[in-house]
Amino acid sequence: MYKPILNQKPQYNSLTNSIAAADFNEDGFLDMVVTNYGSHNIGILLGKGDGTFQNQITYSTGIFSHPYFVLVNGFNGDMHKDIVVANYGSNSLELFFGIGNGFFTSQVPFAMDNCRPVLIAVGDFNNDSLLDIAAANYDTNNIGIFLGYGNGSFQNQTVYTTELGSRSHSIAVGDFNRNSRLDLAVVNSGKDSMAIFYGNGHGTFANQKRFQLKNNFEIRVLLRHYWKKGLSARAAAAEICEVEGEGTIGKTAAIKWFKRFEDGDLDFEDKPRSGRPSILDEEDLRAALEDEPSSNTRDSADKFGVAQRTVLNYLHKFDFVYKKSRQDPYELTEAQAIRRVEVCRQLLDNPLNDRFWKRIVTCDKKDFIHHNTDRDTKAPQTISDRDRRIPEKKFHRVSHFNPTGIALSAFSTGTNSAPISIASGDFKNDCLMDIVVAKPGADNIALFLGSGEGTFAIQVKIPTGATSTSLSAAIGDLNNDNLLDIAVANSDVDNIGILFGYGNGTFASQITYSIEERSYPNFICVHDLNDDFRLDIIAPAKSRDYIAIYFSIGNRFFGNQLAYYTGYQSASSIVVVGDLNNDHILDIIVGNSNANYLSLYRGHGNGVFYGFIAFPLNGTGATSFVAITDLDNDARLEIIVADSGGDFIAVLL
């Protein structure tokens, strides 16, 4: 039963002919966008959540544009829904960029000569994790491809010819030959045919393979006609395909039908098929797979009494992906297995003796402990871990017995300050290392100025704002004045703070950049992501499932936030930057505290990153820390992941 509601009529004589639904104002209710062919605009109808909608808001698509088709997706990486429109009358595609409150800005048209686009589809045609656009062009007998840059802009149209008089009317995207590359299917209304353009995986397509859309009855009538004329089955198939299009009838099928005709069976209907059934209950299969996800297709086929191919077809319908049952993507050699065990043992041995753990910092609710080794003159390092609580028995405070014989000194950060992140650097320009501590239990961060002898002055409190809950601190020269500055993730006020240093251990008042309400940033790091010799800032918006990047624009300022999605309910919690594929360009790795994968972003070198690749982890999905280093001296970075839910670390070689 469906309940009738008040009709939401866009406007008089609008000739609405296309519709798409999405949550444009991010209130949890579906909204609609329609193309008004007759009034040359698109209409936005914001949903109230009860099946009714607010009055239409219109955006012009231009005089005589005749918008014909609309599609919704995200094209500029800002996490908001955007709209792309095919304008039949003005021969163009048009993008409207959403700003998250139901309104749109930055209308961008793409001219297409005299193509008359009537339908569009999107997909990643060149495997760069960025969305591209394909358009069916009705008047010019071709399709158009626009490869995206991920920032809302696209390359000029590349066209692929269908055939003269084809009148391409619809287009679909899919991997039709199962080679992990997207292909295009086009319906040609002028020729009663369908064409497949097989993708090459780098944004180009092979010449079309044409399929005639005549029904089976008509094809079989033609076969009997050629059989009566005395042609062979192969010759008949070739004759039909030459006229009707490649793939209309195969030679094997033609031979089968010729044999039936020769046996005196002139009926055109299919005979009942023997063998195992080809249908089963979808819900029963889905439930069985959820109960036993490691079962194979043969086991499932035997269980339900169907053909193995039937199970495979349903798996593709469910969008299930085949994965090997073992953890490793390939079979390890004996030497590789030994090396992997050796690396893990080294990491699990006494960490105080390993160079990877030269600075050991632990915390409880009121102090931190500094491991006084020889002075380290390397670049400042940052350690941050909100959720992990290291067991007391593994590290010892001053009053406890210390079997290593190394002197430990405690320095108070204040009662109930709960220090959680630490970074070191020379803030006074006296060639002595100082320490800065983020402590969510106070409205400030603590600065401990070093004496050079392993001792530190009483903390200097640097305000970060009321109820700021600073969870992470990173240091670097953020304004290129050769003095160290501090960047802070202020979780409870949903912003990042920047404290510019004066070079004498004091800092200017905090400048803040908002992320998003209830984003709860819990980590921060600084790197030059676009090779402009200025440090940029990265912070995960943990509760909004993206990382926020702020590019330095000089003069102590940073540009607007650029967001990169990390996955649904991933709860991104830590960011690491490094060159993972040895192309001399920085990439980004994000650890997610609520998803059983890492989010990887490959860099272009100009500040643009490909959409994330989910790197699966065989753990609990509670990643608490990520580090990268070259563990086996092969000049390639490995990734080390700490899983706080499973009480183990994983080394990804």
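Predicted, not measured: the structure shown is a model, and the values here were computed from it.

### Quick notes on the pattern of salt bridges
Item 1. Counted under the stated rule, the structure contains 8 salt bridges.
Item 2. Here D139 ties to R116 by a salt bridge, and the two come within 3.5 Å at their closest N and O atoms. Of this pair, D139 sits in the loop between β10 (132-137) and β11 (142-146) while R116 sits in the loop between β8 (104-111) and β9 (117-123); the two residues are 23 residues apart in sequence, bridging distant segments of the chain.
Item 3. We classify D139 as partly exposed; its relative accessible area is 32%.
Item 4. Close ionic contact of R544 with E516 constitutes a salt bridge, the shortest N to O distance being 3.7 Å. Of the two residues, R544 is situated in the loop between β29 (536-541) and β30 (546-550) and E516 in the loop between β27 (511-514) and β28 (525-527); the sequence distance between them amounts to 28 residues.
Item 5. Among the residues examined, E516 registers a relative accessible area of 25% and is labelled partly exposed.
Item 6. One network of salt bridges, with partners in common, ties together R116, D139 and R167.

### Observations regarding the nonpolar core
Item 1. Ranked by size, the top nonpolar core spans 33 residues in total, and within it L93, I120, I133, I145, I171, L184 and F197 carry the most contacts.
Item 2. Looking at this core, the elements with two or more residues in it are β5 (67-73), β6 (82-87), β7 (92-98), β9, β10, β11, β14 (183-188) and β15 (193-197).
Item 3. Here L184 is in contact with F125, A134, I143, I145, I171, A172, V173, F176, A195, I196, F197 and F205, once residues within four sequence places are set aside.
Item 4. The next biggest cluster of nonpolar side chains, apart from the first, holds 29 residues, and it includes I588, L598, F625 and V626.

### Some words on the sheet that holds strand β1 (residues 16-22)
Item 1. Taken in spatial order, the 4 strands of this open sheet run β1-β2-β3-β4, and their pairing is antiparallel. Edge positions in the sheet fall to β1 and β4 (57-60), since each of these pairs with one other strand and no more. Ignoring strand direction, the axes of neighbouring strands in this sheet form an average angle of 20 degrees.
Item 2. As paired strands, strand β3 (residues 41-45) and β4 are joined by 4 bridges and run antiparallel to one another. By the bridge assignment, I44 is partnered in β4 with I57.

### Description of the confidence of the model for the chain
In regions of low pLDDT, the predicted coordinates are not meant to be interpreted in detail.
Item 1. This prediction gives the chain a mean pLDDT of 79; 79% of its residues lie at or above 70.
Item 2. Here residues 1-10 is a poorly scored stretch, pLDDT under 50, and it has 9 contacts once near neighbours within four places are set aside; other chains count.
Item 3. Here residues 322-330 is modelled with pLDDT under 50, and outside its nearest four sequence neighbours on either side it reaches 6 contacts, counting other chains as well.

### What about helix α5 (residues 297-304)?
Item 1. Along α5, the residues that are buried comprise T297, S300 and A301. Along α5, the residues classed as buried sweep out an arc of 100 degrees about the axis, all on the same side. Every exposed residue of α5 that faces more than 90 degrees away from the buried side is listed here: R298, D302 and K303.
Item 2. A positive phi of about 70 degrees marks G305, the residue just after α5.

### Focus: the side chain of D82
Item 1. Positionally, D82 belongs in strand β6.
Item 2. Comment: no salt bridge for buried D82; closest opposite-charge side chain is K81, at 9.0 Å.
Item 3. In terms of polar contacts, D82 uses its side chain to reach the backbone amide nitrogen of G98, at 2.9 Å.
Item 4. Sequence-distant contacts of D82, defined by excluding residues within four places in its chain, comprise L71, V72, N73, G74, F75, N76, F96, F97, G98 and F104.

Reading guide: rules and limits
Starting from 1, residues in each chain are numbered consecutively following that chain's sequence as written. A pLDDT threshold of at least 70 governs which residues receive local features in this predicted model, and a stricter bar of 80 or more applies before side-chain atom pairs are shown or counted, although totals over entire chains, interfaces and linings include all residues. Based on all heavy atoms of the structure, the side-chain values leave hydrogens and waters out of the count. Every case where a carboxyl oxygen of Asp or Glu lies within 4 Å of a side-chain nitrogen of Lys or Arg is listed as a salt bridge. Numbering goes from the N terminus for both helices and strands, where a helix is a DSSP run of H or I of at least four residues and a strand is a run of E of at least two. For every residue, the accessible area (1.4 Å probe, protein chains only) is compared with the maximum for its type, and the residue is labelled buried under 20%, exposed over 50%, or partly exposed between those bounds. Here the nonpolar core consists of buried residues drawn from Ala, Val, Leu, Ile, Met, Phe, Trp, Tyr and Cys, with membership extended through side-chain atoms lying within 4.5 Å. We call two residues in contact when some of their heavy atoms are within 4.5 Å. When DSSP locates at least two bridges between a pair of strands, those strands are taken to pair. To get an axis, fit a line to the C-alpha atoms, keeping to the stretch in contact for a helix; angles then go from 0 to 180 degrees between the N-to-C directions. Predictor confidence is given residue by residue as pLDDT, running from a minimum of 0 to a maximum of 100. In this description, one arc is meant: the one made by directions from the helix axis to the C-beta atoms. Neither His nor the chain termini are counted; the positive set is Lys and Arg, and the negative set is Asp and Glu. Between N or O atoms, a polar contact is any pair within 3.5 Å; within protein, one atom must be a potential hydrogen donor and the other a potential acceptor, and residues adjacent in sequence are included only when both atoms are from side chains.

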